[in-house]
Every structure is written in structure tokens, then in C-alpha cells.
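# Coordinate inspection notes
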Amino acid sequence: MFRGWKPKDASKAPNIVRYISGTLSSLSPKRVLVTFGESKRVLCFSEEDEVGQLRQKFLQAFSDSLADDIAVANVRFQQYDHTFKEYVDIENEVKLENNAKVKAVIVSFREKKEPGRGGDLVPLTVNLKVSLDDLLDALPEDVRYHKITQDTPYRLWNLVSNGLIQPNNDDPPVVTCSGQFGDTNTVIKAKLYGRNNFNQNVFYLTTDPSGDQSDMYLTPKGKNQEITLEPTESEDALFLPQYYYGFTAFRSQTFDSLYLGCDNNKSGATLVEMDDVNYPNPQALFTVNIIN
């Protein structure tokens, strides 16, 4: 019945196809990857949504990681600026591209009094970024975390293995969790590599098993694999300290979501998973003390 049918103006057919395709595309939700602390989640938004409208979606998606009193006004989004090599704030009126990557930060507000007209004091709202260091430094000394600093000699005692990080005599040496107080080869030092995109210090963990002032680098191979001492630096040997009151965890920079850890047989240190950083895996928790 319709054999041989053609539109009255066949030249307009491609335009119609493009119009339909464009309309369907505009109806499809766009996606943005939001990083907040250690969490990364994909949020969907419409073609017309601006950054300001994304803040409410963020509060809903990250409600399990936020305090109850965090409001829309406390949320800021930032994108990495390759010119300045820094994360910079995104204005609320900006429309993000599909598959954009942003970082969310929580901003605290407080009132500050300053002289107004006639000498009266008027409230002025100032924008303050509150870091983890700021919050924890205000705590009493007995509950503060033990911040890792460069070239400080430490012992790393593991909660599960009940032993210290210690290399054995293999060639190359393998890192174990069997060290005891009084052993001479349990000294670990942190060598600063630099800061990551979140302005956090990243370190190599080194030791000098031979005592000849030659650093060896704790170098993991992957999940549940041995950690060896290597004579040279590598990206695999980078760790990011994370703090849990009196305990410290060392997250691998290369093997994301894996942490330096031990088990109860003390045979060897390895990388272990941390499914929920709010409830840390005890295999990855270390008591860090300075050797005087």
C-alpha cells in the first residue's frame, strides 16, 4: 500500500532526523562524577540544570556521609584548573558538560562583628573552609591523631597481627608483621613525595635494614600480594596516611581503595581492602609511635 511513497520534500528528511535526534538527546540526563572525600558517585541532571541546582542532588546522594545540619548553602563545587594547577570554585550559574568531573567541599559559615554606620556593630557573614586538621587540632591532646611527618623514625604496630612492620632476610627482603619491641630493624620513615589533588601529603615508606644509610622503599604488588623492599622509588610505593583517632592507615596511591595491612599469622604485610572508611578494616590500622 505504501510502496514507492516519498515525502513531498525529500530534501527536508535529514533535517527532521537531526531534529528528532537532538530532541531525544536533550531529554537524556547528563552525568557528572562528584568526588567528596574518599567517595566518588555519579549524579544525573538535566540539560538545563545549573551548578546551583546540583547542590540539592548532592545532599541527597551523599546523605550517608554528611552531618544532619549541612544545608544547600554549605555545598561548593570545584573543578581542576590546568592553568593554575589548582581546584577553583564553580559559579552557581554555570552549566556543566556531560561527564564532567567535580569536587564537592563543605563550607562553614559564622558571623563576625564589624563596625557599621554610626559605630554600631553589624553581622558580617564570612566564608570559612574547615579542614580535618583544623577540627582535630582543636581536640584535647589525648584524642588527637598522630600526624605523619617527613624523616621521623616510627614503629608501625598492627592491631590484628600484634606485631611491628619489619623486613625479613629474603632477597629482596619481604615486609612482615612479626617485629617485636627491641628488634633493631623495625624503624620506618616517611619520605615526602608531594601533595595530591586534594592537597594531602603523599609519602614513601622507607627503611634501612642494613644500617648503611641506604633507603629501601616498601613496595606493594597488589591485593593480598607480598610487599617487598626495593632500592628505588616508584609510584607503586606511594602511600596516603589517613587518621582514625589514635590509629593511622596508609592507603595505596596506585592501588586505589587498598591499604597497607597485616593478618594474624604475621607472615607478611600486604594490601587489604577497606570497604567502608567510616568503619575501618582493623587489618589496616596501625599504632604509630616515634622512636626517640
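The present account deals with the structure reproduced in this document. Note that the coordinates shown come from a computational prediction; the quantities given were computed from them, not determined experimentally.

What counts and what doesn't
- Residues numbered from 1 in each chain as written.
- Predicted model: local features only at pLDDT ≥ 70, side-chain atom pairs only at ≥ 80, totals over all residues.
- Heavy atoms only, no water.
- Salt bridge = Lys/Arg side-chain N within 4 Å of Asp/Glu carboxyl O.
- Buried < 20%, exposed > 50% of the residue type's maximum accessible area, 1.4 Å probe, protein only.
- 1 Å grid on protein atoms, 1.4 Å probe; cavity = no way out; pocket = protein on both sides within 12 Å on 5 of 7 lines; lining within 4 Å.
- Points joined across faces, edges and corners; volume = space filled by probe spheres on them.
- Helix = DSSP H or I, 4+ residues; strand = E, 2+ residues; numbered from the N terminus.
- Nonpolar A, V, L, I, M, F, W, Y, C, P; charged D, E, K, R; others polar.
- Disulfide = S-S within 2.5 Å.

This structure, assessed with the given rule, holds five salt bridges. One salt bridge in this structure joins Lys 57 and Asp 49, with 4.0 Å as the shortest N-O distance. Of the residues examined, Asp 49 reaches a relative accessible area of 13% and is grouped as buried. For Asp 256, the salt bridge identified is with Arg 251, shortest N-O distance 2.8 Å. According to the relative accessible area criterion, Arg 251 is buried, its value standing at 8%.

So, about the layout of surface pockets. When its volume is computed, the second largest pocket comes out at roughly 270 Å³. If you go around the second largest pocket, you meet 13 residues; those closest to its centre are Val 187, Lys 189, Thr 207, Asp 208 and Asp 215. Counting only elements with at least two residues in the lining of the second largest pocket, the list comes to strand S10 (188-195) and strand S11 (201-207). By residue number, the principal contributor to the lining of the second largest pocket is S10, which donates three residues. Across the lining of the second largest pocket, the residue classes break down as three nonpolar, five polar and five charged.

This part is about the state of the cysteines. Applying the stated criterion to the full structure yields one disulfide. Two residues share a disulfide in this structure: Cys 177 and Cys 262, whose sulfurs sit 1.9 Å from each other. Torsion about the S-S bond of the Cys 177 and Cys 262 cystine: about -80 degrees, corresponding to left-handed handedness. Of this pair, Cys 177 sits in strand S9 (residues 175-179) while Cys 262 sits in the loop between strand S16 (258-261) and strand S17 (270-273); the two residues are 85 residues apart in sequence, bridging distant segments of the chain. Its relative accessible area of 1% is what places Cys 262 among the buried residues.

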